[in-house]
Amino acid sequence: MPETVAATAPTVTPDQAATLAARLVGDRAGDWDRAGRLPVDVVRALNTAGLLAPQIPTGYGGAGWSSLDSGEFTAQVGSLCSSLRSVMTSQAMAAWTIERLADRAQARSLLPRLAATDTAAVAFSEPQAGSDLSAMTTTVTMTGDTLRLDGHKVWVTAADHADLLLVFARLGDQGAVVVVPRATPGVRVHRRADPLGCRAAGHADVWFDAVRLPTSSLLGAGGQSLSLLVTTALSYGRMSVAWGCVGILRACLTAAVAHAGSRHQFGRPLAQHQLVARHLADLWAAEQVATRVCEHASRCWDTGSPEVVTATVLAKYVSAGHATRAAADAVQILASAGAVDGHPVARAYRDAKLMEIIEGSTEMCQLMLADHAVNRR
């Protein structure tokens, strides 16, 4: 059990959180998407309420929500704005990584900050290192009580406005995670302009040029397996992305049903034309399937089931695939009405495709699931 620290746990309930998110986002997500930035006050309001990473234990000032409650809230935010949901995913991954790897003093220092004040980004990918961890070149070296960080990370979600960066790097022949305040000398952040999807999530490339930090910035003792370190963070990220895809599906279903029910062609509503009805049926089925597979994975998290790893990969794979196909169906139903930059289904069409790439590509998920299928026989 986490040691209690001097912090006040937020008292926001899931229902209150849903109301707050709806009020904060309103109908502004399209504007944020076009501008490529989230309002600082919106991110701060969610964080102050303990909702950027609501799974942080109450002993560290967090909301202490279950995976199921956190997931449903993630889906709700994802239905409103995938960029804001991406920032939540980044925050939750950072918090989960700290929970798993930090020593007691680090956890007591960092988790209350992530529960209420600071935002965090997690830096994995490099120009030549994505799924292939062996190609990672960012390094940590230690001399006495000081460490030096050198490297280049790309496509770091939320890095453009993060207070802290959790950087995955090589420490000799093993791996390490370093917590780096963004304002540290030698850190350079360059925002990625006009990404395909989640345009307001603050994607950035980050350079670390002889960055000097105290050795206490190294989570735990360092020297762990690099693949194990990355898997630790990615597991939570996959769960969050999967629930975010449920949100995308719900947004597409809502928009498509409203349009097909109100627009008339050839003397009757679009929804009564069989080929359009087929799209609506597929959209509804996709949302139901994704919701159920995410609920199962979250229950595995909450009960400590040995199935949690496979269930999480399955949830991410199924939900991302369904979201991508369903977003295309929604655009097809709305036609020119939905082919407008900033429209919910146009955003969903772009955002959903990214979900098949981040936190383990569709192909990586397929390999893991195939391996599971073979080895369970």
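Residues numbered from 1 in each chain as written. Predicted model: local features only at pLDDT ≥ 70, side-chain atom pairs only at ≥ 80, totals over all residues. Heavy atoms only, no water.

Novice: I'd like to hear about the overall build of the chain, residue by residue, with values.
Specialist: On a plain count of helices and strands, the chain comes out with eleven helices and nine strands. Scaling as 2.2 N^0.38, a compact globule of 377 residues should have a C-alpha radius of gyration of about 21 Å, and the chain matches this with 21 Å. With the C-alpha coordinates of the chain rotated into their principal frame, the extents come out at 80 × 50 × 40 Å. Per-residue burial for the chain yields a buried fraction of 54% across its 377 residues. Contacts in the chain between residues at least 24 apart in sequence constitute 75% of all its contacts with a sequence separation of at least 6. Total accessible area on the chain stands at roughly 16300 Å², and carbon and sulfur atoms take up 55% of it. Taking the average place of the 33 positive charges on the side chains of the chain and the average place of its 33 negative ones, the gap between the two points comes to 3 Å. (Helix = DSSP H or I, 4+ residues; strand = E, 2+ residues; numbered from the N terminus. Rg over C-alpha atoms; globule rule 2.2 N^0.38 Å. Buried < 20%, exposed > 50% of the residue type's maximum accessible area, 1.4 Å probe, protein only. Contact = heavy atoms within 4.5 Å. Areas by Shrake-Rupley, 256 points an atom, 1.4 Å probe, with all protein chains shown as cover. Lys, Arg positive; Asp, Glu negative; His and termini not counted. Charge placed at Lys NZ, Arg CZ, Asp CG, Glu CD.)

Novice: How would you sum up helix 6 (residues 104-116)? Please name residues and give values.
Specialist: Taking 1.5 Å as the rise per residue, helix 6 with 13 residues should run 18 Å; its terminal C-alpha atoms sit 19 Å apart, in good agreement. Considered for burial, the residues of helix 6 that qualify are Gln106, Ala107, Leu110, Leu111, Pro112, Leu114 and Ala115. Against the buried residues of helix 6 lie helix 3 (40-48), helix 5 (82-101), strand 1 (120-123), strand 4 (164-171) and strand 5 (174-181). Where helix 6 begins, the side chain of Asp103 points an oxygen toward the backbone nitrogen of Ala105, at a separation of 3.2 Å. (Expected span 1.5 Å × (residues − 1). Polar contact = N/O pair within 3.5 Å; in protein donor to acceptor, adjacent residues only side chain to side chain.)

Novice: Give me the pattern of salt bridges: which residues, what numbers.
Specialist: Going through the model one piece at a time under the given rule, you end up with 16 salt bridges. With its nearest N and O atoms 2.6 Å apart, the salt bridge here joins Asp33 to Arg350. Of this pair, Asp33 sits in helix 2 (residues 29-35) while Arg350 is found in helix 10 (residues 344-355), placing the two residues 317 residues apart along the sequence. Look at Asp33 and you get buried, because its relative accessible area is 3%. When the shortest N-O distance is used, the salt bridge between Arg192 and Asp205 registers 2.9 Å. Here Asp205 lies in strand 7 (residues 204-214) and Arg192 lies in the loop between strand 6 (187-191) and strand 7, a separation of 13 residues in the sequence. Given the relative accessible area of 8%, Asp205 is considered buried. (Salt bridge = Lys/Arg side-chain N within 4 Å of Asp/Glu carboxyl O.)

Novice: I'd like a rundown of the nonpolar core, residues and numbers included.
Specialist: For soluble globular proteins, nonpolar side chains are generally found buried alongside one another. Counting residues in each nonpolar core, the largest one holds 75 residues, and the members touching the most others are Phe168 and Leu219. The dominant element in this core, judged by the number of residues it contributes, is helix 7 (residues 226-262), at 19 residues. The contact partners of Phe168, leaving out residues within four places of it in the chain, are Thr97, Val122, Ala123, Phe124, Met136, Thr138, Lys153, Ala176, Val177, Leu229, Val230 and Ala233. Counting residues in hydrophobic clusters, the runner-up holds 46 residues, among them Leu38, Val42, Leu149 and Phe208. (Core = buried A, V, L, I, M, F, W, Y, C linked by side-chain atoms within 4.5 Å.)

Novice: An account of the environment of Ala193 is needed here, citing residue identities and associated values.
Specialist: Here Ala193 lies in the loop between strand 6 and strand 7. In the structure, Ala193 is positioned 174 residues away from Thr19 in sequence and 31 Å away in space, judged by C-alpha atoms.

Novice: Quick one: what's the story with unusual backbone geometry, residue by residue and with numbers?
Specialist: Positive phi is not limited to glycine here, since Ala158 has a value of about 75°. You can see Ala158 is positioned in the loop between strand 3 (146-156) and strand 4. Owing to a relative accessible area of 1%, Ala158 belongs among the buried residues under this scheme. The phi torsion at Glu359 lies on the positive side, around 50°, for a residue other than glycine. By the element assignment, Glu359 lies in the loop between helix 10 and helix 11 (362-375).

Novice: Hey, could you go over the packing of aromatic side chains for me, with residue numbers and the actual values?
Specialist: This structure, assessed with the given rule, holds five aromatic pairs. Taking the centre distance of 5.6 Å and the plane angle of 35° together, the rings of Trp96 and Tyr236 count as tilted. Highlighted residues: Trp96 in helix 5 and Tyr236 in helix 7, separated in sequence by 140 residues. Taking relative accessible area as the criterion, Trp96 reaches 17% and is therefore assigned buried. (Phe/Tyr/Trp six-rings, centres within 6.5 Å; stacked < 30°, edge-to-face > 60°.)

Novice: So, the side chain of Asp329: which residues are in play, and what are the values?
Specialist: The residue Asp329 is located in helix 9 (residues 308-334) in this model. Of the side chains with opposite charge, Arg278 comes closest to the buried, unpaired Asp329, at an N-O distance of 5.9 Å. Among the polar contacts made by the side chain of Asp329, one reaches the side chain of His279 at a distance of 3.3 Å. Beyond its immediate sequence surroundings of up to four residues, Asp329 is in contact with His279, Asp282 and Leu283.

Novice: Help me get a handle on the state of the cysteines, residues and values and all.
Specialist: In total, this model carries zero disulfides according to the counting rule given. The thiol of Cys245 is unpaired, and the distance to the nearest cysteine sulfur, on Cys294, comes to 7.7 Å. Residue classification places Cys245 among the buried positions, given a relative accessible area of 0%. Overall, Cys294 belongs to the buried group, its relative accessible area being 0%. (Disulfide = S-S within 2.5 Å.)

Novice: Kindly report on the environment of Thr48, identifying the contributing residues and their values.
Specialist: Here Thr48 is to be found in helix 3. As a C-alpha pair, Thr48 and Thr117 span 69 residues in sequence and 6.2 Å in three-dimensional space.

Novice: Give a detailed account of the side chain of Thr89, specifying residues and quantitative values.
Specialist: Of note, Thr89 is situated in helix 5. For Thr89, a relative accessible area of 3% puts it in the buried group. Here Ser240 takes part through its side chain, which lies 2.5 Å from a polar atom of the side chain of Thr89. For Thr89, the residues in contact, after removing those within four places along its chain, are Gly237, Ser240, Val241 and Glu359.

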